[in-house]
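# What the coordinates show
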Amino acid sequence: MKFLNVYFLQCYILSLLLSLPLKAYLDVSKRDDLLKTLILDTFTEVAKSKTGWIEGGKDVYYFLQAATSEFITALIKDRPEQKEFFLLDLGAGLFQWGDGMATAINKRKDLPADITVHILSVVGEDFGKDYSKESPERNGKCIVYKIGKFPIENLIEAFKEILPVLKLDPKSVMFDLIVSQWTFLHLIDPLGTLVQAYNLLRPTTGLMLMHGFPVFFESAHLEQKPESSRALKESVVDALALGNGPFLVYNNPNSSEPYVQFFMRRQDEQTLNLPLSYGSIAQEHIPGTTT
């Protein structure tokens, strides 16, 4: 657990944001050198691991009290003219969700027989497939990709490199569904990564489902940490409310989960614009962790 605490501490410190006037938006190209170095160093350590997280992922994710297979089934039915679909699991554990989705899709008798569903699952650890040497797995209507050593926080650039290896065109791949379960709260820059993920969604129809994560604004002092579970659950919601991307939040009052689930749809060609900028970096030490 010490490993997890280190990265949560860095996320807490580096997700400080500063609201700006006029039309200035959060832009990962504006990350400063220190932030870039911390992201790279963290990824380098994770990429050395050849084992998964303790929880290891699941073959079914539930968001808004529905299995994720129900979302993609509805989307496929709603777009009969579309024959190729792309799904993405960010922080995929041991790749169970991708296999589970392929099974669920192939069991459906009410889906067209002539569709292809590409299911990409990515993790930072070193236990994915080497697609420079082997082909992705074909499973009925689905093609399943299990990608390791993937730098999630540099999502756009990483896909520009990996998609040609997968024999996919980076210019044409837009994701119809992106999911992420309990991953973003471990990232150094979760909000910047969220912006990148949103911009990979297919315009007008692309959906994103994930768990929330902490976002701390420059105006809030580090010593004034949220004390109530409600404050923790809603921190990312405050950031999303500033932007142009429509979203829904599900907060189960009977759940012990510390963060909300939220759902976003990319409504048009416009990228996600959050009127925020990277703020200062503070130093703080929490007993039991290292920096």
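Residues numbered from 1 in each chain as written. Predicted model: local features only at pLDDT ≥ 70, side-chain atom pairs only at ≥ 80, totals over all residues. Heavy atoms only, no water.

## A look at the overall build of the protein chain
Note the threshold: By definition, any uninterrupted DSSP run of H or I lasting at least four residues is a helix, any uninterrupted run of E lasting at least two residues is a strand, and each is numbered from the N terminus. Under the scheme applied here, a residue whose accessible area is under 20% of the maximum for its type counts as buried, over 50% as exposed, and between as partly exposed, the area being computed with a 1.4 Å probe on protein chains only. Between two residues, a contact is recorded if the distance between any of their heavy atoms is within 4.5 Å.
For the protein chain, the helix and strand inventory stands at 7 helices and 13 strands. Counting the 291 residues in the protein chain, one finds 48% classified as buried. Put simply, of all contacts in the protein chain between residues at least 6 apart along the chain, 80% involve residues at least 24 apart.

## A short note on the sheet that holds strand S5 (residues 116-122)
To keep it simple, the criterion reads: Whether two strands pair comes down to DSSP finding at least two bridges between them. In this analysis, axes come from line fits to C-alpha atoms, helices being fitted only over the stretch in contact, and the angle between any two N-to-C directions falls in the range 0 to 180 degrees.
In spatial order, the strands read S6-S7-S5-S4-S8-S9-S12-S11; together these 8 strands make up an open sheet with mixed pairing. Lying at the two open borders of the sheet, with one neighbouring strand each, are strand S6 (137-139) and strand S11 (247-250). Here the strands of the sheet are splayed against their neighbours by 15° on average, with no regard to which way each runs. Here strand S9 (residues 207-211) runs beside strand S12 (residues 261-265); their pairing, made up of 5 bridges, is antiparallel. Bridged to Met210 within S12 is Phe262. Along the sheet, helix H4 (residues 96-107) makes contact with strand S4 (84-90), S5, S6, strand S7 (142-147) and strand S8 (177-180), crossing S7 at roughly 175°.

## Quick look at the pattern of salt bridges
Our working rule: A side-chain nitrogen of Lys or Arg and a carboxyl oxygen of Asp or Glu constitute a salt bridge if their distance falls within 4 Å.
By the definition in use, this model includes 12 salt bridges. In this structure, Glu45 engages Lys48 in a salt bridge whose closest nitrogen and oxygen atoms are separated by 3.1 Å. A salt bridge links Glu157 to Lys160, with the nearest nitrogen and oxygen atoms 3.4 Å apart. Linking Glu157 with Lys160, this pair stays in helix H5 (residues 155-165), spanning 3 residues, or about one helical turn.

## Observations regarding H4
Spelled out, the test is: Helix span, as expected, comes to 1.5 Å for every residue beyond the first.
For H4, spanning 12 residues, the distance from its first C-alpha to its last is 17 Å, which sits close to the expected 16 Å at 1.5 Å a residue. Among the structural elements, helix H3 (68-78), S4, S5, S6, S7 and S8 are those in contact with the buried residues of H4.

## Regarding the packing of H3 against H4
Spelled out, the test is: For classification, angles of less than 35 degrees are called roughly parallel, those exceeding 145 degrees roughly antiparallel, those between 65 and 115 degrees roughly perpendicular, and all remaining angles oblique. What makes a crossing left-handed is the near helix being turned counterclockwise from the far one by less than a right angle; a clockwise turn instead makes it right-handed. Note on residue classes: Ala, Val, Leu, Ile, Met, Phe, Trp, Tyr, Cys and Pro are nonpolar, Asp, Glu, Lys and Arg are charged, and everything else, Gly too, is polar.
Taken N-terminus to C-terminus, the directions of H3 and H4 make an angle of 50°; their axes are 10 Å apart at the nearest point. Here H3 is positioned oblique relative to H4, judged by the angle of their axes. Between H3 and H4 lies a crossing whose hand is right-handed. Of the residues in H4, those touching H3 at Thr68, Ser69 and Ile72 are Trp97, Met101, Ala104 and Ile105. In terms of residue class, the contact of H3 with H4 is built from 5 nonpolar, 2 polar and no charged.

## Observations concerning the nonpolar core
Our working definition: In plain words, nonpolar cores are sets of buried Ala, Val, Leu, Ile, Met, Phe, Trp, Tyr and Cys residues tied together by side-chain atoms within 4.5 Å.
Of all hydrophobic cores here, the largest spans 51 residues; its most connected members are Leu120, Phe159, Leu194 and Phe213. Those residues in contact with Leu194 that sit more than four places away from it in its chain are Phe184, Met208, Met210, Phe213, Leu240, Phe262 and Met264. In terms of nonpolar packing, the next biggest core, distinct from the first, is built from 23 residues, Ile72, Leu75, Val117 and Leu209 among them.

## Things to note about the environment of Leu242
Within the secondary structure layout, Leu242 lies in the loop between helix H7 (229-240) and S11. Classification of Leu242 by relative accessible area gives partly exposed; the value is 39%. In the structure, Leu242 is positioned 32 residues away from Leu274 in sequence and 6.0 Å away in space, judged by C-alpha atoms.

## What to know about unusual backbone geometry
Phi at Trp182 is positive, roughly 55°, even though this residue is not glycine. Considering the arrangement of structural elements, one finds Trp182 in the loop between S8 and helix H6 (190-199). Exposure remark for Trp182: the relative accessible area of 29% places this residue in the partly exposed category. The phi dihedral of Thr204 falls on the positive side, at around 80°, and the residue is not glycine. Looking at the secondary structure, you find Thr204 in the loop between H6 and S9.

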